[in-house]
Amino acid sequence: MWGRKRKSDAPAAAAPPSPLTQAMHQARVEAAERTSVVVDLRDAEVARLELLNEALDTLFADLPPEAELFDRGISRGDTPRLWIDSVAHVAMGRDKRAYRFLHDTRVGRRVLAESHEIPDIVRAVTSYVARRLVERQRALDEDPEFITRVTRGEAGRALRRRRWRTFGTLLLGFLLGIVTLIAVALIFASKS
């Protein structure tokens, strides 16, 4: 009555699942476990990089405020990294326990340091930061007015000027091409 089934109408027992259905279920369970392991490993990598980041706080607190060379932060992509600046970062090694301090150069990536210990990597990063600061100071010593001469506004104006020069050169080349084409067309028209 009213759409209810009687207990006697209910199926007695469900048919046993096929071997393919059982195998697919098992594969789904294994994939979920692997995914959770990968996520756990990535979270562990990020946690280790955060520990290193905290250890570097004292180093970056000592930097002069006018030295804007470094932009430290953790990226949480497929391979988590602790960026020191735009070309140097720390990533975890293949065994996910070793820190690898890497520097991207024009000719490829160099390993500056590799260790399981945070203090070793902190020393390597400190040495790298010191070298970069010395390079900056040498560049400023060669041209002391550089910083006062090149402000953000001036740098933007120089970039716009360069773009207009490029556009002007392109336009001049285009016009010279048209004039050359017209001259060639007139020469052929006068010979025929």
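Before any of the text, the structure's been laid out above.
A.B. asks: Just to check I follow, could you spell out the overall build of the protein chain for this structure?
C.D. replies: When you go through the protein chain residue by residue, the secondary structure sums to five helices and five strands. For the protein chain, the succession of helices and strands along the chain, N to C, is α-α-β-β-β-β-β-α-α-α. Going through the 192 residues of the protein chain one by one, you find that 19% of them count as buried. In the protein chain, once contacts between residues fewer than 6 apart in sequence are set aside, the share between residues at least 24 apart is 44%.

A.B. asks: Explain the pattern of salt bridges to me, please; I cannot follow it from the model alone.
C.D. replies: Where charged atoms from two side chains of opposite charge approach closely, those side chains can pair. For the structure shown, the criterion picks out eight salt bridges. In this structure, Arg132 and Asp85 form a salt bridge, with 2.4 Å as the shortest nitrogen-oxygen distance. Separated by 47 residues along the polypeptide, Arg132 in helix 3 (residues 118-142) and Asp85 in the loop between strand 2 (81-83) and strand 3 (88-92) bring together distant segments of the chain. We note a salt bridge from Asp120 to Arg123, for which the minimum N-O separation is 2.3 Å.

A.B. asks: Which parts of the structure should I look at to understand a nonpolar patch on the surface?
C.D. replies: On the surface, Trp164, Phe167, Leu170, Leu171, Phe174, Leu175, Ile178, Ile182 and Leu186 cluster together into a nonpolar patch covering about 980 Å² of accessible area. Positionally, Leu170 belongs in helix 5 (residues 152-191).

A.B. asks: Can you walk me through the pairing of strand 3 in this structure?
C.D. replies: Strand 3 sits mainly inside the fold: five of its five residues count as buried. Neither face of strand 3 is exposed, since Ala88, Val90 and Met92 on one face and His89 and Ala91 on the opposite face are all buried. In textbook terms, the turn of a hairpin is the stretch between consecutive antiparallel strands, and for strand 2 and strand 3 this stretch comprises four residues. Between strand 3 and strand 4 (residues 99-105), which follow one another and run antiparallel, lie six residues, and Lys96 among them has a positive phi close to 65°.

A.B. asks: Could you clarify how one ought to interpret a positive patch on the surface in this entry?
C.D. replies: Together, Arg157, Arg160, Arg161, Arg162, Arg163 and Arg165 make up a region of like positive charge exposed at the surface. Tracing the chain through its elements places Arg165 in helix 5.

A.B. asks: Sorry, what's going on with the packing of aromatic side chains here?
C.D. replies: Any two aromatic rings considered together are summarised by their centre-to-centre distance and by the angle between their planes. A complete count under the given rule lists three aromatic pairs for this structure. Measuring from ring centre to ring centre gives 5.7 Å for Trp164 and Phe167, while their planes differ by 85°; the resulting arrangement is edge-to-face. Linking Trp164 with Phe167, this pair stays in helix 5, spanning three residues, or about one helical turn. Since its relative accessible area comes to 44%, Phe167 is described here as partly exposed.

A.B. asks: Mind showing me how you'd approach helix 3 here?
C.D. replies: Every α-helical turn comprises 3.6 residues, leaving residues that sit three or four positions apart pointing alike. Over its 25 residues, helix 3 runs 36 Å from end to end, which matches the ideal 36 Å to within 8%, given 1.5 Å per residue. Within the sequence span of helix 3, burial applies to Ile121, Val122, Ala124, Val125, Tyr128, Val129, Arg136 and Leu140.

A.B. asks: What is the right way to read the sheet that holds strand 2 from this model?
C.D. replies: Working definition: the strands of a sheet are paired by backbone hydrogen bonds and lie parallel or antiparallel to each other. Taken together, five strands build an open sheet; the order of strands is 1-2-3-4-5 and the sheet is antiparallel. Edge strands, defined here as strands with exactly one partner in the open sheet, are strand 1 (73-75) and strand 5 (108-115). Each adjacent strand pair in this sheet contributes to an overall mean axis angle of 30°, direction not counted. Taken together, the three bridges between strand 2 and strand 3 define a ladder with antiparallel strand orientation. The partner of Leu82 across the bridge, within strand 3, is Val90. The strands touched by helix 3 are strand 3, strand 4 and strand 5; relative to strand 5, the strand with the most contacts, the crossing angle is about 135°.

About the thresholds
Residues numbered from 1 in each chain as written. Predicted model: local features only at pLDDT ≥ 70, side-chain atom pairs only at ≥ 80, totals over all residues. Heavy atoms only, no water. Helix = DSSP H or I, 4+ residues; strand = E, 2+ residues; numbered from the N terminus. Buried < 20%, exposed > 50% of the residue type's maximum accessible area, 1.4 Å probe, protein only. Contact = heavy atoms within 4.5 Å. Salt bridge = Lys/Arg side-chain N within 4 Å of Asp/Glu carboxyl O. Patch = residues over 30% accessible without salt bridge, like charges linked within 9 Å, V, L, I, M, F, W, Y side chains within 5 Å. Areas by Shrake-Rupley, 256 points an atom, 1.4 Å probe, with all protein chains shown as cover. Pairing = 2+ DSSP bridges. Lys, Arg positive; Asp, Glu negative; His and termini not counted. Charge placed at Lys NZ, Arg CZ, Asp CG, Glu CD. Phe/Tyr/Trp six-rings, centres within 6.5 Å; stacked < 30°, edge-to-face > 60°. Expected span 1.5 Å × (residues − 1). Axes fitted to C-alpha atoms, helices over the stretch in contact; angles between N-to-C directions.

Honestly, it's all geometry; don't read function into it.
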